[in-house]
Amino acid sequence: MNLKYKFPENFWWGSAVSATQIEGASKEDGKGLNIWDYWYEKEPYRFFEGIGPEITSDFYHRYKEDIKLMKEIGHNSFRFSISWSRLIPNGNGNLNEKAIDFYNDLINELLKNDIEPFINLYHFDMPLELQNKGGFENRDVVDAYTEYAKTCFKLFGDRVKRWFTFNEPIVPVEGGYLYDFHYPNVVDFKRAVQVAYNTVIANAKAIKEFKKLNIKKGKIGIILNLTPSYPRSNNPADLKAANIADLFFNRSFLDPTVKGEYPKELIELIKSNNLLPIVFDGDKDLIKNNTVDFLGINYYQPRRVKAKACMPNPESPLLPDDFFDNYEMPGRKMNVYRGWEIYEKGIYDIAINLKENYNNIESYISENGMGVQNEERFIKDGIIQDDYRIDFIREHLIWLHKAIEEGCNVKGYHMWTFIDNWSWTNAYKNRYGFIQLDLKTQKRIFKKSAYWIKEVAKNNGFN
Ligand code: BGP
């Protein structure tokens, strides 16, 4: 078919989910507690309408039915995460046989339906016992993670060829150690830096194990939420502020995991603010020698930055925002439900940056999507008419197509997500799926966008 926006052959069409957000069965079949189970028990009022992670979209029981739906809307690939606390209830030690069965069945069922499984090992869900030992602040937990990763490679590496060490590793740093939206709700820049650094070490150690095991034809990567930092203006003060935001939020993971070293400017910045982490002998080589094979890119919104207007209160804790102000660009287009700007060209800018500055590393869009509240108001003829979501995807795909035409090494597009799921503290406030979930009955109903993406995937493009 002659299409205006035709994508390369074997392009990955699919979606992404994470264990805590979709599986449910949070206390079934021997699963251990993770930080989300625990935080919800302790402070249920921090979650929208008091809804926690116990049931979510019940994927643990309904995965077969859901895989049929994925197949029907044209998925040829699907990313899910393994719940560390389901597989190894204490985080370290005995394996849970029921979890092994579940993930084996899930992988086999996907393959049977010609959907390639992509596995992510960690999506914000630290086992509680390990968090009690300090989480990623503690190097012993880094070693427990490495063991867990090795276990997964051995259990599932005969069938799974695409692996990820982490999803958005900067987010638990921001949420758990800077801005109070993840457990353990610490506000401490120095500890945040240690967690970020140890996560980079965990990534390198897992990759080292992956290489040792020599998983046949397998590739291992990391998923980063690369949020371009756009300065308000070309004023040097604005440019400086945007560069600092880029160093903190993008290059802190992008450079060590892809290039094998931290940007010198970032090290200087961290050092001059007395934030340097504890480093072990041999770390530098470990990072240098164990970089990723490919990248997943999550893109939702840009970051707009301007020079700081006021001196920060000297008594308030130091935060990244002490170095810049966020900038609300007049005229910006907003997803008002999530409070995120929609800027489609960002996806192109990220791809060009990877091409020009990161050796055009293989990548794909691992998440992109639009969460909308009260979608039932758009129901006509029994179907949510989510034209806004179709527009959102189409506009992003047009920019992505342009990037590919210009030589960017982008292999696919995964949507967040295939069925409405549990959005952390936002619970079921904003809905992201191609498929509507009736929370009371667990019924699944296609939205208009599901029919649309089905055609796009089938034709490998659109007009
Ligand atoms: C990404 C996460 C996902 C998902 C998504 C949407 O950052 O990888 O887990 O939740 O964002 O964000 P939210 O659920 O907060 O609206």
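Scroll up to find the structure.
Just so we're clear, the structure is a prediction, and the values are computed from it rather than from any experiment.

Caption draft 1: Region of the structure containing the sheet that holds strand S13 (residues 363–367). The strand order around the closed barrel built from eight strands is S2-S3-S4-S5-S6-S8-S13-S17, with neighbouring strands paired in parallel fashion. Mean inter-strand twist for the sheet, computed between neighbouring axes without regard to direction, equals 30°. As judged from the four bridges shared by strand S5 (residues 162–167) and strand S6 (residues 219–224), these two strands associate in the parallel manner. Among the inter-strand pairings, Asn167 is bridged to a residue of S6, identified as Ile223.

Caption draft 2: Representation of helix H3 (residues 59–72) within the structure. Under the 1.5 Å per step criterion, the end-to-end length of H3 is only 17 Å for 14 residues, more than 12% shorter than the ideal 20 Å. Along H3, the largest kink reaches about 45° and is centred on Glu65. Listed as buried for H3 are Phe59, Tyr60, Tyr63, Asp66, Ile67, Leu69 and Met70. Where H3 is buried, its residues touch helix H1 (19–22), strand S3 (77–81), helix H4 (84–87), helix H5 (97–112), strand S19 (435–437) and strand S20 (444–446). Phi turns positive, to about 90°, at Gly74, one or two residues after H3.

Caption draft 3: Looking closely at the site of the ligand. Contacts to the ligand come from 13 residues, most closely from Gln21, Glu168, Arg338, Ser423 and Tyr432. A distance of 2.9 Å separates an oxygen atom of the ligand from a polar side-chain atom of Asn167. A distance of 2.5 Å is found between an oxygen atom of the ligand and a side-chain nitrogen or oxygen belonging to Glu168. A total of 370 Å² of accessible area belongs to the ligand in isolation, and the protein chains cover 92% of it. Looking at the shell around the ligand residue by residue, the classes come out as five nonpolar, five polar and three charged.

Caption draft 4: How the structure looks around the pairing of strand S8 (residues 294–298). The element S8 is extensively covered by neighbouring structure, given that five of its five residues are classed as buried. Side chains of S8 alternate between two faces, with Phe294, Gly296 and Asn298 and Leu295 and Ile297 buried alike. The pairing of S6 with S8 spans four bridges and is parallel. Considered in S8, the bridge of Leu224 is made with Ile297.

Caption draft 5: Structural context of the nonpolar core. Counting 143 residues, the largest nonpolar core has Phe80, Trp84, Phe136, Tyr145 and Trp163 as the members making the most contacts within it. Examining the composition of this core, we find that 13 residues originate from one element, helix H9 (residues 189–213), more than from any other. Beyond its immediate stretch of four places on either side in the chain, Tyr145 contacts Trp84, Leu121, Tyr122, Phe136, Thr165, Phe166, Ala202 and Ala206. Ranked by size, the runner-up nonpolar core spans six residues in total, among them Phe118, Ile223, Phe294 and Tyr364.

Caption draft 6: Summary view of the packing of aromatic side chains. On inspection of all chains with the given rule, the structure shows 54 aromatic pairs. Between Phe59 and Tyr63, the aromatic rings sit 6.5 Å apart at their centres with planes inclined by 65°, giving edge-to-face as the arrangement. Of this pair, Phe59 and Tyr63 both sit in helix H3, four residues apart, which is roughly one turn of the helix. Residue class for Tyr63 comes out buried when judged on its relative accessible area of 8%. With 4.8 Å between their ring centres and 20° between their planes, Tyr145 and Phe166 make a pair best called stacked. One end of the pair, Tyr145, is in helix H7 (residues 139–156); the other, Phe166, is in strand S5, with 21 residues separating them in the sequence. Accessibility expressed as a relative area gives 1% for Phe166, which makes it buried.

Rules behind the numbers
The written sequence of each chain sets the order in which its residues are numbered from 1. Local features are withheld for residues below a pLDDT of 70 in this predicted model, meaning they are given only at 70 or higher, and side-chain atom pairs are given and counted only at 80 or more; totals for whole chains, interfaces and linings count all residues. No hydrogens and no water enter the side-chain calculation; it runs on all heavy atoms of the structure. Strand pairing is assigned whenever DSSP detects at least two bridges linking the two strands. Under the scheme used here, helices are H or I runs from DSSP no shorter than 4 residues and strands are E runs no shorter than 2 residues, and both carry numbers assigned from the N terminus. Here the axes come from fitting lines to C-alpha atoms, over the contacting stretch only for helices, and the angles between their N-to-C directions go from 0 to 180 degrees. Given the number of residues in a helix, its expected span is that number minus one, multiplied by 1.5 Å. Fitting one axis to the seven residues ending at a residue and another to the seven starting there, the bend at that residue is the angle between the two axes. Here the term buried applies to any residue with accessible area under 20% of the maximum for its type, exposed to any over 50%, and partly exposed to those in between, with areas from a 1.4 Å probe on protein chains only. Contacts are assigned to residue pairs that have any heavy atoms within 4.5 Å of one another. Only heavy atoms are used to decide nearness, and a residue is near a molecule or strand if one of them lies within 4 Å of it. Pairs of N or O atoms are called polar contacts if they sit within 3.5 Å, as long as, within protein, a hydrogen donor faces a hydrogen acceptor (for residues adjacent in sequence, only side-chain-to-side-chain pairs). Under the convention used here, a 1.4 Å probe and the Shrake-Rupley method define accessible areas, while residue burial counts only the protein chains that appear. In this count, Pro and Cys sit with the nonpolar residues alongside Ala, Val, Leu, Ile, Met, Phe, Trp and Tyr, while Asp, Glu, Lys and Arg are called charged and the others, Gly among them, polar. As used in this record, nonpolar core signifies buried Ala, Val, Leu, Ile, Met, Phe, Trp, Tyr and Cys residues forming a set joined through side-chain atoms within 4.5 Å. Two rings from Phe, Tyr or Trp (for Trp, the six-membered ring) form a pair when their centres sit within 6.5 Å of each other. Planes less than 30 degrees apart are called stacked, planes more than 60 degrees apart edge-to-face, and all others tilted.

Nothing here speaks to function; it is all geometry.
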